[in-house]
Each structure stands twice: as C-alpha cells, then as structure tokens.
Amino acid sequence: MTTATPPEDPAALGAVRRSALAEPTIDPPGRWIAFLTLASIGLWAGFFGPIQVLLAQQAEAIDADSKKQILSLVLGLGAFVSVVCNPVFGAFSDRTTLRMGRRLPWVIGGAAGGVLSLLVLSAADSVVVMALGWCGVQAALNAMLAAVTATVPDQVPVGSRGRIGGILAIAQTVGVIAGTGIASATGSITAGYLVTAGVLAVLTIPWCLDARDVPLLPEERPAAFDWGAFLRGFWVSPRAHPDFAWAWITRFLVNLCNALGLLYLLYYMQDVLGFSKDEADDKVFLLTAIYGVVVMATAVLFGVWSDRSGKRKVFVIWSGLVGGCATLMLAVVQTWPAAVCAAALMGIGYGIYVSVDFALITQVLPGAEDRGKDLGVINIANALPQVFAPFVAGVILLVVEAAGGVTETNGDGFSVGYGAVYLSAFACAVLGSVFVTRIRSVP
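Report follows, based on the coordinates. (Residues numbered from 1 in each chain as written. Predicted model: local features only at pLDDT ≥ 70, side-chain atom pairs only at ≥ 80, totals over all residues. Heavy atoms only, no water.)

### Remarks on the overall build of the protein
The following threshold applies: Helix and strand definitions follow DSSP, with helices as H or I runs of at least four residues and strands as E runs of at least two, each counted in order from the N terminus. With C-alpha atoms as the basis for the radius of gyration, the globule rule is written as 2.2 Å multiplied by the number of residues raised to the power 0.38. Each residue is assigned to one of three classes by its accessible area relative to the maximum for its type, calculated with a 1.4 Å probe on protein chains only: buried under 20%, partly exposed between the two thresholds, exposed over 50%. The contact rule is simple, with two residues in contact once any of their heavy atoms fall within 4.5 Å. Residue-level accessible areas treat just the shown protein chains as cover; the underlying method is Shrake-Rupley with a 1.4 Å probe. His is not counted here, nor are the chain ends, while Lys and Arg score as positive and Asp and Glu score as negative. Charge positions come from single atoms, namely NZ of Lys, CZ of Arg, CG of Asp or CD of Glu.
Scanning the protein for helices and strands turns up 15 helices and zero strands. For the protein, whose C-alpha radius of gyration is 22 Å, the value lies close to the compact-globule estimate of 22 Å for 443 residues. Of all 443 residues assigned to the protein, the portion counted as buried reaches 57%. Partitioning the contacts of the protein with sequence separation of at least 6, the portion at a separation of at least 24 is 84%. Accessible area of the protein: about 17,600 Å², with a carbon and sulfur share of 68%. Computed over 26 positive and 29 negative side-chain charges, the inter-centroid distance for the protein is 11 Å.

### Concerning the packing of helix 3 (residues 67-95) against helix 10 (residues 265-272)
Applicable threshold: The convention used is that axes are lines fitted to C-alpha atoms, helices contributing only their stretch in contact, and that angles between N-to-C directions extend from 0 to 180 degrees. Note that the term roughly parallel is reserved for angles under 35 degrees, roughly antiparallel for angles over 145, roughly perpendicular for angles of 65 to 115, and oblique for everything else. The handedness criterion is simple: a crossing whose near helix is rotated anticlockwise from the far helix by less than a right angle is left-handed, and one whose near helix is rotated clockwise is right-handed. When residues are sorted by character, Ala, Val, Leu, Ile, Met, Phe, Trp, Tyr, Cys and Pro go into the nonpolar class, Asp, Glu, Lys and Arg into the charged class, and all the rest, Gly among them, into the polar class.
Remark: helix 3 packs on helix 10, axes separated minimally by 12 Å, with the N-to-C direction vectors making an angle of 165 degrees. The pairing of helix 3 with helix 10 is recorded here as roughly antiparallel in orientation. Crossing angle aside, the handedness with which helix 3 passes helix 10 is left-handed. Of helix 10, the residues touching helix 3 (which contributes Lys 67, Lys 68 and Leu 71) are Tyr 267, Gln 270 and Asp 271. Of the residues that constitute the contact of helix 3 with helix 10, the class distribution is two nonpolar, one polar and three charged.

### Topic: the nonpolar core
The following threshold applies: What is meant by a nonpolar core is a set of buried Ala, Val, Leu, Ile, Met, Phe, Trp, Tyr and Cys residues, joined one to another through side-chain atoms within 4.5 Å.
By size, the foremost hydrophobic cluster in this structure holds 120 residues, and its most contacted members are Leu 55, Met 144, Trp 207 and Met 269. Ranked by residue count, the leading element in this core is helix 2 (residues 30-62), at 14 residues. Setting aside residues up to four positions removed in sequence, Met 269 forms contacts with Gly 274, Phe 275, Ala 280, Lys 283, Val 284, Leu 287, Trp 336 and Ala 339.

### A closer look at the environment of Val 176
Tracing the sequence through the fold places Val 176 in helix 6 (residues 161-186). Since its relative accessible area comes to 7%, Val 176 is described here as buried. When the C-alpha positions of Val 176 and Gly 292 are compared, they lie 7.8 Å apart, and in sequence the two are 116 residues distant. Discounting residues that sit within four places of it in the chain, Val 176 has contacts with Trp 44, Phe 48, Gln 52 and Thr 288.

### Structural notes on the pattern of salt bridges
Stated precisely, the cut-off is as follows: By definition, a salt bridge exists where a carboxyl oxygen of Asp or Glu is found within 4 Å of a side-chain nitrogen of Lys or Arg.
This structure, assessed with the given rule, holds 16 salt bridges. Lys 277 is the partner of Glu 60 in a salt bridge, and the nearest nitrogen-oxygen pair spans 3.2 Å. Within this pair, whereas Glu 60 is found in helix 2, its partner Lys 277 is found in helix 11 (residues 277-309), the two being separated by 217 residues in sequence. Overall, the relative accessible area of 51% leaves Lys 277 in the exposed class. With a closest N to O distance of 3.0 Å, Asp 307 and Arg 312 form a salt bridge. Each member of the pair Asp 307 and Arg 312 is classed as buried. Taken together, the salt bridges that share partners define one network made up of Glu 23, Asp 94, Arg 102, Arg 103, Asp 154, Arg 161 and Arg 371.

Everything listed here is a matter of coordinates, which is why it stays silent on function.
What follows is the structure, encoded as structure tokens:
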C-alpha cells in the first residue's frame, strides 16, 4: 500500500527554490514576521539606549563641563562609521554565497559584534574608549541593519511592504522605548549597557534560527571581486535613477529634522525647562514613551492604507509637515506641556513616514542584485544626519552665544539657542516634504 505524500507548503517551497534575485510573490509566514520584529526591537534598543540616555550620562560623568562637546564628538564619529559601514556591509551581503544565505551571516555577526562593543562601552572611563566602543556598536549594528533591511524586499511582495514597514516601525519604536527604559530603569551606566547587550542577543536568536534566507544560485553568483568596480558601485547616478536620488534627499532631510530634534533632548530638559538630572532622565523616557505609543498607533494603519490605495507620496508629504510642526512647537513654546504635545505630533508624523517611506524606497531601487548595497546607500540618508546634526546644532548654539543670545535658561526665560536649533529642524522637514513631489515612478 502506497502512502500519499503530503502536499508541500507553497511558501516554504518558494523560499527554498526560488531565485534570490526574483521578486517575491508569496507573503512570508507570520512567525517569520514575528521573529524579524523581535530582532529589530533588539537592534534598535542597541542603537537608542546609548543615544537617548547612556552616552549623554557617560559624557557628563567623564567631564561635566565639556559634556556637550564630548557627546557631539562621540555621536559624530559613530555616525561617520555608520555612513561608511551600512552600504559596505549591504554590498558584502549581496555578494555572500554561503549556503545559509546572503543576509543571515551578517545578522549573526552584527549582533555578536554589537554585544561585544556594548560590553566595551560598559567599562569606558575615557573619551577615547567611549568613542571606540560607540564606533564598534555602529559598525556592528549597521552590518545587522543592512541585512535586516534587505531581507524585506528579498522576501516580501511589493503589495505588502507598507504593512511590513509599519510593523517594523513599531519594532523600531519599541526598541527605542526599551533602550531608553533600560537606561533609565537600571540607574547605572554600566548596568544599562549590560542589559542592552543581553536584550540584543536574546531577541536576535529566534530569527536566526528561522531566517528563510535564500542563497544565490550558482549562476547568480557575482563575478570575481574587483575593488574598483565594488567602490564605483556605490555611486547611483541621479541622471539614470532620478527617483532614487529624490528619495535619498527626502530621507536625508526628514532624518536631519529628527536628529536635530533628538540630539540635545536630555540637555533641553535640563538647560531650557529647568529639570534636575534625575527628573530629566524620567522626562525623556516619558516623552519617548508618548512618541512610541503614537507611532505604534499610526504606523501599521497608514502602511495598510497606503498598500490598499497604491499611493505613497501623499503620505510622506504630510508626515514631514506634521513632524516639522512638532519641532516648531519645541522651538517657539518652550514648556513641558508643549514638549508633550510635540512628542505626540512627532509620533504621528514619524509613524506615517517610516512605514510608507520604506515601501516607497523599495520601489525605486535600481535592481534586485544590489538590494543590500542600494538600501545601504539609502540608509546613508539615515546616518549622515547624525554626522551633520551635532555640527549644525553646535554651530548654531555657539553663534547664538557669541551674539549675546541666551542658550541655558534653566526654566526661566526663552532659550534663543535651542529655539534656533529646532527652527532649523522645522525647515528641514518642510523641504523634505516638498522634494518628495519630484518622485515620478511612484504614485
């Protein structure tokens, strides 16, 4: 008697046999999305626990009088590393020919490197060690980010990317809240870094065990490595791919707005609104939580709405304008209630933006064979603002102080310096909304 062979799972079959360079046509299973979400939460906690609280506390512990300069230097160096590493590791993942796939090795290696670098930061007691540790975190986690980002167009059909972008936006937000919460709750710089490293490791493991990564077929493997061709590949001609260029510029401006808005938030609480150090930590966490809840309430909703309507640009335009209004409020109305309202507005704007813009970006990529590299080039527009923002904000504050303007009011009066910083953020958001209209291939 012959036993019938059970039918194979089409989704699983497609994941194993289809070309790594083909456009996916079948949605990945729910568990894959859930595991990717967990890995993303760990990744963003690893980024933002230090950025939001720990690095600022560490800079102050090393030299309270030079805390702003130390923080700007460390964040700027880390952002420069991010600018270089994200597209480079994305390109390496495109060329990876291991049987486990193109993206999985870089997720594993990036998470491991991130954990080790966070451990270095936990013991840093000088500016040099602090800078080296943070640059290590940026290098490792950007390798992981490049691979995680590329796995979405690798495995998710175009018509579902708004929804997945919304889910990943929620993951990013939860990661930001978790990282900030860990930093605030542990009450210790060292403990904050150790717990963050543990969260990164634990949350990455499930996706690594069920990555469904698609290896390159023998005929799809790239030609022999050539450094010249490799480096030239990072230039994506605006003339040949204008929509890609406009999408890059838009993302750069919106992220510059966000970087200017977040860079000195802890110091804004202390030096402008007049809260004590402990109160400022709690206030930053509360603002981050408000922002996060609103992002989670809007991201998937607008991502699905965008998928169903087939439109992307109108959502990105309005997200930039709403987010810009948040920074305008921080600039003009320098009170705690205004900061709370600004956090909610920024959550609405970013929730819409991060889900729909991600889908838009995947639709203007030049080709499937270089998804990791091209998304890495796009992600430069996320990282480069972190290089410029400390410089721009620092110059603005120095110019205002040199001209006799007030920067630190400690809750008593209007800060011209911080007002100018947040007005510049507002201008960036408006320009980003204007430039997205130049994209032609996406409705």
